[in-house]
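Each chain is listed here by its residues.
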Amino acid sequence: MGKTAFIFPGQGAQSVGMGKDAYDAVPAARDLFLTADEQLGFPLSSIIFNGPDEDLKQTVNTQPALLATSLAYLEAIRGKGIEPDYVAGHSLGEYSALVCAGVLSFEEAVSIVRARGEYMEAAVPGGQGAMAAVLGADREALSALCKSITAEGHVVELANMNCPGQIVISGSAEGVAAASERVKEAGGKRAIPLEVSGPFHSTLMKEAANRLADKLEQAAFNTPSVPVVANVTARPVEDAAAIRGLLVEQVYSPVLWHDSVEWMITQGVDTFVEIGPGSVLSGLIKKIDKSVKVINVNSLDSVSSLETVV
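Now for a description of the structure that goes with this document. Values in this document were obtained by computation on a predicted structure and should not be read as measured data. (Residues numbered from 1 in each chain as written. Predicted model: local features only at pLDDT ≥ 70, side-chain atom pairs only at ≥ 80, totals over all residues. Heavy atoms only, no water.)

### Section: the packing of helix 7 (residues 106–123) against helix 10 (residues 206–217)
Let me state the cut-off plainly: Here the axes come from fitting lines to C-alpha atoms, over the contacting stretch only for helices, and the angles between their N-to-C directions go from 0 to 180 degrees. A run of H or I in DSSP becomes a helix once it reaches four residues, and a run of E becomes a strand once it reaches two; helices and strands are each numbered from the N terminus. Put simply, angles under 35 degrees are roughly parallel, angles over 145 are roughly antiparallel, angles from 65 to 115 are roughly perpendicular, and the rest are oblique. For any helix crossing, the convention is left-handed if the near helix is rotated counterclockwise from the far helix by under a right angle, and right-handed if that rotation is clockwise. Whether two residues are in contact is decided by their heavy atoms: any pair within 4.5 Å suffices. Charged residues are taken to be Asp, Glu, Lys and Arg, nonpolar residues to be Ala, Val, Leu, Ile, Met, Phe, Trp, Tyr, Cys and Pro, and polar residues to be all remaining types, Gly included.
In contact at an axis separation of 8 Å, helix 7 and helix 10 are set at 160 degrees when each is read in the N-to-C sense. By the angle class used here, helix 7 and helix 10 are roughly antiparallel. Like other packed secondary-structure pairs, helix 7 and helix 10 cross with a definite hand, here right-handed. Listed contacts from helix 10 to Ser-111, Ile-112, Ala-115, Arg-116, Tyr-119, Met-120, Ala-122 and Ala-123 of helix 7 are Glu-207, Ala-208, Arg-211, Leu-212, Lys-215 and Leu-216. Its residues assigned to classes, the contact of helix 7 with helix 10 shows nine nonpolar, one polar and four charged.

### Focus: the pattern of salt bridges
Quick note on the threshold: Each reported salt bridge corresponds to a side-chain nitrogen of Lys or Arg within 4 Å of a carboxyl oxygen of Asp or Glu. Each residue gets one of three labels from its accessible area relative to the maximum for its type: buried under 20%, exposed over 50%, partly exposed in between, using a 1.4 Å probe on protein chains only.
As enumerated under the stated definition, the model contains six salt bridges in all. For Lys-20, the salt bridge identified is with Asp-24, shortest N-O distance 2.9 Å. Taken as a pair, Lys-20 and Asp-24 lie in helix 1 (residues 20–25) at a separation of four residues, close to a single helical turn. With relative accessibility at 32%, the residue Lys-20 sits in the partly exposed group. Glu-185 serves as the salt-bridge partner of Arg-182, at 2.9 Å between the closest nitrogen and oxygen. Salt bridges here are not isolated pairs; linked through shared partners, they connect Asp-53, Lys-57 and Glu-195.

### Examining the pairing of strand 5 (residues 166–172)
Applied cut-off: For two strands to be treated as a pair, DSSP must find no fewer than two bridges joining them.
Within strand 5, seven of the seven residues are buried, which leaves the element mostly enclosed by the surrounding structure. One ladder, built from seven bridges, connects strand 3 (residues 129–135) with strand 5; its direction is antiparallel. Note that in strand 5 the partner of Ala-130 across the bridge is Gly-171.

Take a look at the structure:
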């Protein structure tokens, strides 16, 4: 019998109107959105459902919005008789995974990710940082290129190991521009600039990580009910103190998504259920291993597709 992993998307998956079907039809999902509004002290749910898009795109809003929406769809599938053997999330999505595994309460998590978004936006002044998706490059060669450019005085680092042939780089605007121009030296085809408000998952985020560490110290962490595969190590983490430390590191370290998915497959996972808006992670997993089953739960209509897993 194969195993199942629940996976949760990160920033970039958001869209105005996401989760409204769950809010309207699933009382537990509605409670989550209302709890987020109450916890944060402003109507986040109104921004999620009605926009405007530029408000939803602000990192301080995007992060709690995605957390709430992903967990609303998780509520919609509760009682379907499917439980994960592993959980994981991409960057911000790791917090959804931690709530799913009972490590954090939703109330604490939504407050933490709102603060995380604030700290990340404040860490580097607008326009000074950048990110780009590099297509076709070799990981080792791209890492060497980034180290060489950083040594010249312009920080650029590997940020997201997404799937074969897709690695995101992050750093100073100058560093990312230089690496983007030279991707062919690392076997890359091209670099696509990303619409982001800062150089996430680079060492330029260390100030944000330090501030987040203080916030995390105030939160209650429980032992996970199911293994949570961490972005930083691509391995399960079960100790509450270790989870705290890895969440701090995650802010300025690469997201080892490709490695995490491959590791779960070696453990017998043959079904991945992406819970939350969009289908970014499903696309990445299909590029990592075409033989595994991938199911999207990004609407109430898609919940019925889970019947094939149960």
